[in-house]
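Structure at a glance
So the chains spell out like this:
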Amino acid sequence: MRPVLTVGSVAFDSIKTPSGEVSRIVGGAATFFSVVASFFTHVRLVAVVGEDFGETEMKLFAGRKIDLAGLQRVSGETFRWKGEYGQNLNTRQTIYTQLNVFEDFKPHIPETFQASPIVFLANIHPTLQLEVLDQVQEPEFVALDTMNYWIEGALDELKKVLQRVDVVVINDEEACLLSRESNLIKAGRAILEMGPSRVVIKRGEYGALMVSPSGFFATPGLPIEDVVDPTGAGDTFAGGFVGYLASAGTFTDDIYRQAVICGSAMASLSVEDFGLSRLLGLTDEDIRGRFEAFKQLTSFKQL
Ligand code: AMP
């Protein structure tokens with residue numbers, strides 16, 4: 001089991017979906033990633049929060065395999081984000097993004113984290129992602145997430161990071177935007193040309209597609225009748241995917257395939273309640289149950 005270093009946002013989210021509305025709940029890409037990956041391996045979190053992130057909020061990290069030595073607490077307010085979903089939950093509008101303490105965030109990797117073998121760069125400015133890589137000692141495996149904001153606003157910097165990562169985990173729209181292709185296979189192949197050896201394209205409720213030079217692997221999404229809140233499903237996928245790889249310790253094609261299923265299984269659980277609610281109380285049995293559900297969903301007998 002190898003520890004995973006992650007750097008990204010810890011946030012207060014406000015969310016409106018057809019199922020209801022919540023405000024100022026703990027979220028953030030690195031929070032979802034850490035909570036989920038910690039079911040499979042030890043996580044080292046590097047992020048920033050403000051003074052308003054109190055003991056109650058900190059408690060959600062307690063009792064998990066999450067090392068908080070890299071969580072800076074500075075004066076000011078924590079990053080805040082509000083999103084509103086349409087009726088079919090595939091469309092989301094960002095109502096506001098308040099960077100607050102995130103605006104001046106400089107990732108500082110504590111000495112005890114610098115030899116981390118596995119690194120997940122959550123969705124932050126590509127320049128900060130590069131700064132993280134400059135502070136770690138030859139990791140075995142680096143994965144990265146990004147978003148339209150950086151593809152449109154910091155493409156040159158993003159291309160530099162892409163040359164230094166093994167796997168890109170990205171959603172379908174962003175894969176098309178980054179590659180300027182509209183077909184996902186072409187998009188995946190074009191991203192491989194930019195440096196990584198694998199691309200995992202997240203397709204929301206439709207599942208995930210992994211593209212490597214030797215071929216593809218695809219899984220459908222698990223059909224879920226009552227999706228309450230898709231927020232963080234992408235980061236949850238990444239937490240399951242990278243956490244699984246870290247716990248397996250080898251990077252064969254079979255392990256990558258299992259990791260895609262693990263990411264999908266965790267994401268299918270996450271969407272069943274608002275924010276982190278469903279994830280915080282998960283048991284090993286819940287997780288095993290979802291693996292089994294994926295097996296049943298995709299198994300068939302040939303005539
Ligand atoms: P997802 O639904 O996977 O896109 O992730 C949503 C999470 O990302 C929320 O918890 C937000 O707090 C966080 N988030 C939204 N916008 C940003 C941003 N610009 N930078 C970092 N994190 C963000």
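Residues numbered from 1 in each chain as written. Predicted model: local features only at pLDDT ≥ 70, side-chain atom pairs only at ≥ 80, totals over all residues. Heavy atoms only, no water.

1. Some details on the site of the ligand
In the vicinity of the ligand there are 16 residues, among which Ser9, Asp13, Gly28, Arg92 and Gly232 approach most closely. One nitrogen or oxygen atom from the side chain of serine 9 is found 2.8 Å from a nitrogen atom belonging to the ligand. For the ligand, an oxygen atom lies 2.8 Å from a polar atom in the side chain of arginine 92. Within the complex, the protein chains bury 87% of what would otherwise be the 510 Å² of accessible surface of the ligand. The set of elements that each furnish at least two residues to the shell around the ligand consists of strand 2 (11-17), helix 1 (29-37), strand 6 (79-85) and helix 8 (233-248). Taken together, the residues of the shell around the ligand break down into 6 nonpolar, 7 polar and 3 charged. (Near = heavy atom within 4 Å. Polar contact = N/O pair within 3.5 Å; in protein donor to acceptor, adjacent residues only side chain to side chain. Areas by Shrake-Rupley, 256 points an atom, 1.4 Å probe, with all protein chains shown as cover. Helix = DSSP H or I, 4+ residues; strand = E, 2+ residues; numbered from the N terminus. Nonpolar A, V, L, I, M, F, W, Y, C, P; charged D, E, K, R; others polar.)

2. With respect to the sheet that holds strand 11 (residues 198-202)
With mixed pairing, the 9 strands of this open sheet are ordered in space as 5-4-1-8-9-10-11-12-13. Strand pairing shows two members of the sheet lacking a second neighbour, strand 5 (66-73) and strand 13 (215-219), which therefore form its edges. Sheet twist, expressed as the mean angle between neighbouring strand axes with direction ignored, is 15°. Pairing analysis gives 5 bridges linking strand 10 (residues 167-171) to strand 11, with the strands arranged parallel. Within the sheet, the bridge partner assigned to valine 167 lies in strand 11 and is arginine 198. Contacting strand 9 (141-144), strand 10, strand 11, strand 12 (208-212) and strand 13, helix 9 (residues 253-270) runs over the sheet at an angle of about 30° to strand 13. (Pairing = 2+ DSSP bridges. Axes fitted to C-alpha atoms, helices over the stretch in contact; angles between N-to-C directions. Contact = heavy atoms within 4.5 Å.)

3. Comments concerning the pattern of salt bridges
Tallied over the full model, the rule gives 13 salt bridges. With a closest N to O distance of 4.0 Å, arginine 73 and glutamate 55 form a salt bridge. With arginine 73 in strand 5 and glutamate 55 in helix 2 (residues 55-58), this residue pair connects regions lying 18 residues apart in the sequence. The exposure class assigned to glutamate 55 is exposed, which follows from its relative accessible area of 58%. Taken together, the salt bridges that share partners define one network made up of Asp52, Glu77 and Arg80. (Salt bridge = Lys/Arg side-chain N within 4 Å of Asp/Glu carboxyl O. Buried < 20%, exposed > 50% of the residue type's maximum accessible area, 1.4 Å probe, protein only.)

4. What to know about the nonpolar core
In this structure, Phe241 and Val242 are the most contacted members of the largest nonpolar core, which totals 58 residues. Each residue touching valine 242, except ones within four places of it in the same chain, is listed here: Val4, Phe33, Ile118, Phe120, Phe141 and Ala143. Grouped together as the second largest cluster of nonpolar side chains are 45 residues, Leu5, Phe102, Val165 and Phe274 included. (Core = buried A, V, L, I, M, F, W, Y, C linked by side-chain atoms within 4.5 Å.)

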